[in-house]
Amino acid sequence: MTLIAENVSMAFGGLVALDDVTLTVPDRAIIGLIGPNGAGKTTLFNCLTGLYAPTSGRVLLDGRPLEADPAEAARHGVARTFQNIRLFSGMSALENVLVGRHTRIKQGLMSALFHGPAFRRSEAEAVERARAELAFVGLDPAGDTPARSLSYGDQRRLEIARALAGDPAVLMLDEPTAGMNGSETTAIRTLIGAIRDRGITVVVIEHDTKFIFSLCDHVHVLVRGRMLVSGPPEAVRTDPRVIEAYLGTTECSK
Amino acid sequence: MTLDRPPVRHRKPAAPELPGPAAVLLRLRAPAAAVLVLAGALLPWASVVLPGGAYPDLATLQFFDAPHLVTGFRLHLVLLGLAAALLPRARKPAAIGVIAIALVHMAFLTGLGALSIGGPVTLAAGALLLWAARAEPPRPRMELKTPPPAVAWLVLLVAFAALLWLVSATLTAGGQSRATNPYGGAEFLAFLGFGLAVAGVLSAYGVLAWISAMSERHRIFSIAVLLGCALMLPFTQAGTGYWMTVASSIGVYAATAIGLNIVVGLAGLLDLGYVAFLGIGAFTAANLAHAVPFPVAALAGAVTAGVFGVVVGSPTLRVRGDYLAIVTLAFGEIFFRAAQNDIGGLTGGANSIPGIPPINVLGLAFNEPVGGLPGGSRYYMISVLMVAGAMAVLANLRRSRTGRAWLAIREDEDVARAMGVRTGRAKIVAFLVGATLAGLAGAVFAHKLGTVGYESFDFSESVTLLAAVVLGGMGTVPGAVVGASLLFVLPEKLREFSDYRLMLFGLALILIMRFRPQGLVSSS
Ligand SMILES: Nc1ncnc2c1ncn2[C@@H]1O[C@H](COP(=O)(O)OP(=O)(O)O)[C@@H](O)[C@H]1O
Ligand SMILES: [Mg+2]
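The shown structure was predicted, so the numbers you read here are calculated from the model rather than taken from an experiment.

**Student:** Would you mind going over the overall build of chain A with me for this structure?
**Tutor:** Helices and strands together make up the secondary structure of chain A, namely 10 helices and 10 strands. Against the globule reference of 18 Å for 254 residues, chain A gives a C-alpha radius of gyration of 19 Å, in line with a compact fold. In terms of overall dimensions, chain A has a C-alpha envelope of 65 × 40 × 30 Å along the principal axes. Burial analysis of chain A (254 residues in total) assigns 56% to the buried set. Counted over contacts in chain A with a minimum sequence separation of 6, partners at least 24 positions apart contribute 68%.

**Student:** Honestly, the overall build of chain B in this entry has me stumped. Any pointers?
**Tutor:** Within chain B one finds 20 helices and two strands. Of all 524 residues assigned to chain B, the portion counted as buried reaches 49%. Pairs at least 24 apart in sequence give 78% of the contacts found in chain B among residues at least 6 apart.

**Student:** I tried to follow the sheet that holds strand S1 (residues 3–12) of chain A on my own but got confused; where do I start?
**Tutor:** Hydrogen bonding along the main chain pairs the strands of a sheet, whether they run parallel or antiparallel. All names here are of chain A. Read from one edge to the other, the open sheet built from four strands follows the order S2-S1-S4-S5, with strand pairing classed as antiparallel. With partners counted over all chains shown, the strands left at the sheet margins are strand S2 (15–25) and strand S5 (64–65), one partner each. Pairing of S1 with S2, which is carried by seven bridges, proceeds in the antiparallel orientation. Bridge assignment links Met-10 to a residue of S2, and that residue is Leu-18.

**Student:** I keep staring at the side chain of Glu175(A) and nothing clicks. Help me out?
**Tutor:** Residues and elements named next belong to chain A. Among the secondary structure elements, Glu-175 is positioned in the loop between strand S7 (170–174) and helix H7 (182–197). One buried charge, Glu-175, has no salt-bridge partner; the nearest side chain with opposite charge is Lys-41, at 4.7 Å. In this structure the side chain of Glu-175 is engaged in a polar contact, spanning 3.1 Å, whose partner is the side chain of His-207.

**Student:** What's the story with the environment of Leu123(B) in this structure? I'm lost.
**Tutor:** Residues and elements named next belong to chain B. Structurally, Leu-123 is set in helix H5 (residues 118–135). In this structure Leu-123 comes out as partly exposed when scored by relative accessible area, which is 25%. C-alpha of Leu-123 to C-alpha of Val-207: the two residues are 84 residues apart in sequence and 28 Å apart in space.

**Student:** Looking at this model, I keep getting lost on the coordination of the magnesium ion (ligand 2). Mind explaining?
**Tutor:** Six octahedral donors around a metal ideally sit at 90 or 180 degrees from one another, while four tetrahedral donors ideally sit at 109.5 degrees. Residues and elements named next belong to chain A. At 2.0 to 2.1 Å from the magnesium ion (ligand 2) lie its protein donor atoms, namely Thr-42 (OG1) and Gln-83 (OE1). With Thr-42 in helix H1 (residues 41–48) and Gln-83 in the loop between strand S6 (78–80) and helix H3 (93–100), this residue pair connects regions lying 41 residues apart in the sequence. Classification of Gln-83 as partly exposed rests on a relative accessible area of 27%.

**Student:** Explain the interface of chain B and chain A here, please?
**Tutor:** Buried accessible area, meaning the area lost when the parts come together, often serves as the stated size of an interface. Every contact between the two is made by 31 residues of chain B and, on the other side, 36 residues of chain A. Contact between chain B and chain A buries roughly 3,200 Å² in total, counting both sides, with carbon and sulfur atoms accounting for 58%. By the criterion of area lost to chain A, the three top residues of chain B are Arg401(B), Arg404(B) and Met419(B), representing 25% of everything that side buries. In this assembly, chain B and chain A are joined by six salt bridges. At the surface where chain B touches chain A, the tally comes to 14 residue pairs in polar contact (both at pLDDT 80 or more). Elements with a contribution of two residues or more to the side of chain B that touches chain A: helix H14 (377–398), helix H15 (401–411), helix H16 (413–418) and helix H17 (423–449) of chain B. Among the elements that make up the side of chain B that touches chain A, the one with the highest residue count is H15(B) (seven residues). For the side of chain B that touches chain A, the class distribution of residues is 15 nonpolar, five polar and 11 charged.

**Student:** Looking at this model, I keep getting lost on the pattern of salt bridges. Mind explaining?
**Tutor:** A side chain of one charge can pair with a side chain of the opposite charge when the charged atoms of the two come close. Per the counting criterion, the structure on display carries 22 salt bridges over all chains. Measuring nitrogen to oxygen at the nearest pair gives 2.9 Å for the salt bridge that ties Glu95(A) to Arg398(B). Placement of the pair is Glu95(A) in helix H3 and Arg398(B) in helix H14, with the two residues belonging to separate chains. Its salt-bridge partner being Arg129(A), residue Glu133(A) comes within 2.7 Å of it at the nearest N-O pair.

**Student:** Explain the site of ligand 1 here, please?
**Tutor:** Residue and element names in this part refer to chain A. Around ligand 1, the structure places Phe-12, Leu-15, Ala-17, Pro-36, Asn-37, Gly-38, Ala-39, Gly-40, Lys-41, Thr-42, Thr-43 and Tyr-52. At 2.6 Å from an oxygen atom of ligand 1 is found a side-chain nitrogen or oxygen belonging to Thr-43. Of all the secondary structure elements, the ones that give two or more residues to the shell around ligand 1 are S2 and H1. A per-element tally of the shell around ligand 1 places H1 first, with three residues. A class-by-class count of the residues in the shell around ligand 1 yields six nonpolar, five polar and one charged.

**Student:** What should I look at first to understand the domain arrangement of chain B in this one?
**Tutor:** All names here are of chain B. In terms of domains, chain B is made up of domain 1 (23–212) and domain 2 (239–458). At the interface, four residues of domain 1 touch five residues of domain 2. For the pair domain 1 and domain 2, the summed buried area comes to about 420 Å², and 74% of that belongs to carbon and sulfur atoms. Sorting the residues of domain 1 by area buried against domain 2 places Leu-171, Thr-172 and Gln-176 first, and these three jointly supply 94% of that buried surface. Remark: the boundary between domain 1 and domain 2 carries zero salt bridges. Our count for the contact surface shared by domain 1 and domain 2 stands at zero residue pairs in polar contact (both at pLDDT 80 or more). Classifying every residue of the side of domain 1 that touches domain 2 by side-chain character gives one nonpolar, three polar and no charged.

**Student:** What's the story with the environment of Val310(B) in this structure? I'm lost.
**Tutor:** All names here are of chain B. Looking at the secondary structure, you find Val-310 in helix H12 (residues 294–316). Between the alpha carbons of Val-310 and Leu-432 there is a distance of 5.5 Å; along the sequence they are 122 residues apart. Once residues lying within four places of it in the same chain are set aside, the contact partners of Val-310 are Ile-428 and Leu-432.

**Student:** Would you explain the sheet that holds strand S10 (residues 226–231) of chain A in this entry?
**Tutor:** Residues and elements named next belong to chain A. The mixed open sheet is built from six strands, whose spatial order is S6-S7-S8-S3-S9-S10. The strands lining the two open edges of the sheet, one partner per strand, are S6 and S10. Taken over all neighbouring pairs, the strand axes of this sheet differ in orientation by 20° on average, direction set aside. In the sheet, S6 pairs with S7 via three bridges, with the strands oriented parallel.

**Student:** Hey, could you run me through the domain arrangement of chain A in this one?
**Tutor:** Residue and element names in this part refer to chain A. Taken domain by domain, chain A comprises domain 1 (1–77 + 168–254) and domain 2 (91–167). Spacing between the C-alpha centres of domain 1 and domain 2 amounts to 27 Å. With 21 residues of domain 1 at the contact, the number on the domain 2 side is 16 residues. Taken together, both faces of the contact between domain 1 and domain 2 bury some 1,400 Å²; the carbon and sulfur share is 65%. It is Pro-168, Leu-191 and Arg-198 that lose the most area in domain 1 upon contact with domain 2, and together they represent 37% of the buried surface on that side.

What counts, and where the lines are drawn
- Residues numbered from 1 in each chain as written.
- Chains lettered and ligands numbered in written order.
- Predicted model: local features only at pLDDT ≥ 70, side-chain atom pairs only at ≥ 80, totals over all residues.
- Heavy atoms only, no water.
- Helix = DSSP H or I, 4+ residues; strand = E, 2+ residues; numbered from the N terminus.
- Rg over C-alpha atoms; globule rule 2.2 N^0.38 Å.
- Buried < 20%, exposed > 50% of the residue type's maximum accessible area, 1.4 Å probe, protein only.
- Contact = heavy atoms within 4.5 Å.
- Pairing = 2+ DSSP bridges.
- Lys, Arg positive; Asp, Glu negative; His and termini not counted.
- Salt bridge = Lys/Arg side-chain N within 4 Å of Asp/Glu carboxyl O.
- Polar contact = N/O pair within 3.5 Å; in protein donor to acceptor, adjacent residues only side chain to side chain.
- Donors = N, O, S within 2.8 Å, 3.2 Å for Na, K, Ca; no water.
- Buried area = accessible area lost by both parts, 1.4 Å probe.
- Nonpolar A, V, L, I, M, F, W, Y, C, P; charged D, E, K, R; others polar.
- Near = heavy atom within 4 Å.
- Domains from an automatic or database assignment.
- Axes fitted to C-alpha atoms, helices over the stretch in contact; angles between N-to-C directions.

Written out as structure tokens, the structure is:
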């Protein structure tokens, strides 16, 4: 499945957050998206997942235009996490993941009312899968802790498990290691590799350039709403425009 | 960036070690308070001898007449005092119970023109006890081991039988009305305070969690026993025509509140006109009552209300939060005005619809006494079954794809959409299920009362239902039942305060929001 942003522009009132951005997310790859704060990375994610309708341009999923509706994007296999963690904080970890599996569970209202054999089978399957996702990201498969009482790092993992539960073709991670220490970051890097090995395309926004250049197959650099450079990590790393516009800023410490 | 972590509560640092006598005094607070509670219970409570003859219940107020008769609220105070003396964990709930009992009685005595003597002493004792309990370091949670099945069943049987006794005692506490006992309201409220204190003590020792873990493990058994216990109520002291009528009204409102709990508690959709669905069910059944048997009328009431639920739900999908509340408020008001003006000749307007026949099964009218049981018993049984059914609906949906989608919408609607939840459809289903339950309850309501008028469905009823849901615990299964029972039995008990009803509910809600925001019954 390929996800394409075609000449996407997004303006908030007078502020142009995205300016004619084109991005192709190919099958089975890890795509890195970097850029200074306020460059429009999250806005691009929001356009690609149907949360925002682009002011101009369009988003294509397998050649078909994607409605500006996150529920439809999710149904078609585009899953995501959020920069500022957005879990269903009052629900248990397991229930969070089960909501992530929502689109793949078949249960009618009547069967849900009476909890008949077909319902119980479908529920057991869903729970089994949700537990497997919890284990996959390294959380307790029982999952009975309320999401809000998990540690910060575990909340990030839970968001990833929730996104994976819906059998996505593309998983978009918005700063998955923000606020994490070195060993936690390494663990997330391993996790992203494992997700790619499951045949899922990963699009990841990151500030840690070492992380991005060692992990990604393609890297896109967004600066002030414009796609400055796109290409393989080697080319992007040595591109003078990137060094000037991006690595020249405070982010070059690593 | 928001970390969304639970706020950390910082306890005040422990008071610095005080030298000698002061430290001893501080440590003596709790035992002293317990002794003071016992003393307060035994002191005379009224400064004047209240006219006793006609009101035998007032005898409990007259210490001098019966110095050794420790009954009623005095017995409760003695029990709480003993608990505070012997059981360290019981101190806080006991203190709250003592304060509640003392406050209630002092307020009522003042109202009757008497000065209370035992009251202030007991109140001071309760405050001292609370102070002592709060100063103690937090204790780890008590965990009791799960016993083998045979023992668990026995425990569950005893627990549910005790619950039946408690419900029956609470319902009848303070007697029927002001005509027979001017002090009934106080006795009821004080008993309620005692009941909550006992629940608090049991909870502090892990007994409630233990019982609920057992009932979760033996789910079918528990449900059967609980249902059996509920159906036994007519055989207790509450088995009079009057209490059965009260209890079946509570059942009707409880079933309605469960429906509202789906809409508000699970899906988080604030509905301020919800009682309209009860009304739609009631008027539908009332209009059909002479034409079709009860089950058909009930079904028609439920379906009609459900259809209106969808109709009201659809245009509200585009609005969120406050706007949704306003739209539903308007719908409730439109329904009320339409019913008042007898639109379409369906509601009888100011004349109501009178003469609705009682439910009649196999030639046996439901309002007549049968087999030694009072008249209202079978309405009570029907409402118990209806409440049980509504609870099953809530519990089953809560643990399904649909229920999880509702909770997700309540928690974060945008993210729910990003997870693929079609939020519009999910909301309509919530309105549909909730309204259907209310419509069903409305049909029973119509037959039980025999007459349906628009006044039963005004805004304050919607507010009371909402208060019942919040008070009981949003989204929990027993919460709405507990809340509805309290809020619909209180006006029955406190007729002299009927003018202040909404104000008192408001006060109760403020207290709940401050001290127990998750409601009386919490889900975890
Ligand atoms: N919903 C919105 N309304 C108004 N302005 C927005 C909105 N979302 C983002 N912006 C603005 O768009 C710009 C890009 O933001 P964002 O995409 O969050 O950047 P990044 O994720 O690269 O740090 C910022 O100037 C931000 O203030
Ligand atoms: Mg961002």
